[in-house]
Amino acid sequence: MKNEKAGNFQAGIHSTGYESEYLEARLDASSLVNITGRETESLNGRWNFAPDLYDTCRRNHWYRDERFDASGNELPLDYDWEGWERITVPSSWNLAKPELLYFEGSGVYTRTFRYFPKTKDERLLLVFEGAAYRTSVFLNGKIIGTHDGASTPFNADISAIVKTDNRIVAVTDARRSPLRIPADNTDWFNYGGIYRDVYLVRLPPVFIKDWFVRLAPDGNFSTILADIEIADTGGVNSGDITAGGVNAGGNVNGTALLEIPGLSVKQKIAVKDGKGTAAISARPELWSPENPKLYDVSISFSAGGFDGTAGGIADMVMDRIGFREIKAKGQEIFLNGKKVFLRGVCVHEDHFSLGKTTTAETIRETIRDLKEMNGSYLRLAHYPHDRRFARIADEEGVLLWEEVPVYWTVAFDNPAVYTDAENQLSELLLRDRNRASVIIWSVGNENADTDSRLAFMSGLVQKAKTLDDSRLVSAACLVNHEKLLIQDRLGDFLDVIGINEYYGWYDPDFEKLPRLLANSKPEKPVLICEFGGDARSGQRGSKDQLWTEDHQKQLYEKQTEVFKKCPYIAGISPWILYDFRCPRRLNRYQEGFNRKGLIDAERKKRKAAFYVMQKFYEAMRYLDRTNC
Ligand code: GCB
């Protein structure tokens, strides 16, 4: 009986190690194609969906869609694509209906699409901007690959499998685990699902896979550096589709042409073995919050070399890029050679009614609220936010700190966890390193200074520096509460030391803060990347009453007074702009929300502390803090 069952289409019920079969083909940073400026064909919309608590789609291979046995008898399937309910992609499934609010398992998404090639040799790329957390993608019954990480994009070359009529199945598993990044304990809501855009991109067989164009960080503002990568897939049906990968183009030779009409730049770049690099003389108008100047940049590639001999243009991409220099020297940060104080605030990717799904409008609203507060810098906590954020910040002149979710309780001594963290960091950097607005990469937040954590996080710093020579690297560190010192061995590896402190809140003895700052002699700039306290919007009372706006206001007054007098603080980002959903926060004022926002979760009511920050930032625009 047992064998009989194991031999039939239900065999998967006996499988314990079934997941390994899906982990062989990885969708990761190595196959990521820079899709900026390319035409996309959306697969957003209504997908069929079912929560799959026991992961039966992957155990029992539902995605193969085998409806009949070998003799042609219809099988009693446990799934029903078209009969399932529909869910909007992109969206956080938790907010789709009340029963799903706390759902953290696997969810199966499916839809069909039709495809008609426009050119004979074109490649087709399937792109997911973000799905939480582990996502296995199947097309026409075959596995394309699996991606780990809830907040970074991934893509697969599906040219060898795509037909006219296609079915995609995507299983995305939002389970929390101590072996993930982030791990199982976070101070935010674990939204699940395909919550960012899904789309197709057509590519020529030889295409521009990536580019990195920036101002040389040498203090002269007169050289633009460009690195270009070309991929050669070798034509349809020859790519290694089981890996879903995009070949690196190891043997492509030819010439790339980089054009920046606004700077009269027309530079040929030799491409050898898929790579080309150049240093170009140019004097761009520098990008800054006051003058967010962007230049149109185009890159084309030809195997023949643009001289009319062999072959035409194989591919061309367009981008809009700002040129600026960000540096740390001594205890100060310099933007385009000028000392800056970062007037910031932290923000989660969490919206009262959209969850982790973002629209251009919510990004613009966030930036408007920042500007109303007289701020010009955002810490995008604690994981990569939607790709559009940095694009809009480029246009709006907002400085950004971007972060990977190396957050509490990480399994620092586990090599697979490191690989996951490094991959998420790489995907973020590859996605956003052409964005002038991003000035700081953060390799994580608030972890105790142990040997394994130091090895792990310094490895990430090293990776960030390898992929990008034009930004500062930081992390939000803890302070030494016993000795009242800014002290963390990771600081030796960082360009800027970030610290989170909650004096006057978690540690009610506020007087420790001025002592800590006076005791410390950091050799690098320090950012106070978090401080604050909770207040229920509309809750009034005395200054000493916890959870009131009045208490929060006083806390902000005391904090900012101290910061003003500390010469080595190069910027601050209070915790946080908006209240956000958080299942750990269960008292009567919190009711499932972290209430440290300066504005309520509905993004409507400003709390009293908002105006303290507004006044403080107005003053900080003009104050010469070196005299304090
Ligand atoms: C922190 C964390 C942040 C929390 C915040 C809080 O230090 O970095 O994620 O939400 O404190 O409110 O406790």
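Residues numbered from 1 in each chain as written. Predicted model: local features only at pLDDT ≥ 70, side-chain atom pairs only at ≥ 80, totals over all residues. Heavy atoms only, no water.

1. A look at the side chain of Asn-480
Going by this rule: In this text, helices come from DSSP runs of H or I with a minimum length of four residues, and strands from runs of E with a minimum of two, each type numbered from the N-terminal end. Accessible area is worked out with a 1.4 Å probe on protein chains only. A residue is then buried under 20% of its type maximum, exposed over 50%, and partly exposed in between. Throughout, a residue-residue contact means that at least one pair of heavy atoms, one from each residue, lies within 4.5 Å.
Following the sequence through the fold, Asn-480 ends up in the loop between β27 (472-477) and β28 (497-500). For Asn-480, a relative accessible area of 15% puts it in the buried group. With sequence-adjacent residues up to four places away left out, Asn-480 is seen in contact with Leu-485, Gln-487 and Leu-516.

2. Structural notes on the site of the ligand
In plain terms, the rule: A single heavy atom is enough: if one lies within 4 Å of a molecule or strand, its residue is considered near that molecule or strand. Any pair of nitrogen or oxygen atoms within 3.5 Å is treated as a polar contact; in protein, a donor-acceptor pairing is required on top of that, and neighbouring residues in sequence qualify only through side-chain atoms on both sides. Accessible areas in this description were obtained via Shrake-Rupley with a 1.4 Å probe; residue shielding takes into account the shown protein chains only. Each residue receives one of three labels: charged for Asp, Glu, Lys and Arg, nonpolar for Ala, Val, Leu, Ile, Met, Phe, Trp, Tyr, Cys and Pro, and polar for the others, Gly being one of them.
If you check the shell around the ligand, you find 14 residues, and the closest are Asp-187, Tyr-407, Glu-446, Tyr-506 and Lys-596. With respect to the ligand, the side chain of Tyr-506 contributes an N or O atom lying 2.5 Å from an oxygen atom. Between the ligand and Glu-530, the relevant distance is 2.7 Å, taken from an oxygen atom to a side-chain nitrogen or oxygen of the residue. Coverage of the ligand by the protein chains reaches 97% of its 320 Å² of free accessible surface. A per-class count over the shell around the ligand returns 5 nonpolar, 4 polar and 5 charged.

3. Structural notes on the packing of helix α7 (residues 512-519) against helix α8 (residues 549-564)
Applied cut-off: Axes, fitted as lines to C-alpha atoms, cover a helix only where it is in contact. Angles between the N-to-C directions of the axes lie from 0 to 180 degrees. Geometric relationships in this document are graded by angle, where less than 35 degrees denotes roughly parallel, more than 145 denotes roughly antiparallel, 65 to 115 denotes roughly perpendicular, and other angles denote oblique. Take the far helix as your reference; a near helix turned counterclockwise from it by less than a right angle gives a left-handed crossing, and one turned clockwise gives a right-handed crossing.
One can describe the packing of α7 onto α8 by two numbers: an axis separation of 10 Å at closest approach and a directional angle of 20 degrees. As the angle between them shows, α7 and α8 are arranged roughly parallel. Remark: the crossing between α7 and α8 carries right-handed chirality. In this structure, α7 uses Leu-513, Pro-514 and Leu-517 to contact α8, whose residues at the interface are Gln-559, Val-562 and Phe-563. Counted by class, the contact of α7 with α8 contains 5 nonpolar, 1 polar and no charged residues.

4. Here we look at the sheet that holds strand β17 (residues 275-281)
As a reminder, the rule being used: For two strands to pair, DSSP has to find at least two bridges joining them.
The strand order across the open sheet formed by 3 strands is β13-β14-β17, and the pairing between neighbours is antiparallel. In the strand order of this sheet, the two ends are held by β13 (206-215) and β17, each with one partner. Each adjacent strand pair in this sheet contributes to an overall mean axis angle of 15 degrees, direction not counted.

5. Examining the packing of helix α3 (residues 360-372) against helix α4 (residues 387-396)
What describes two packed helices is the angle between their axes and the distance between those same axes. Interaxial distance between α3 and α4 falls to 10 Å at its minimum, and their mutual angle equals 45 degrees. As judged from the angle between their axes, α3 and α4 are oblique. You can see that α3 and α4 cross each other, and the crossing is right-handed. Residue-level contacts link Ala-360, Ile-363, Arg-364, Thr-366, Ile-367 and Lys-371 of α3 to Arg-388, Phe-389, Ile-392, Ala-393, Glu-395 and Glu-396 of α4.

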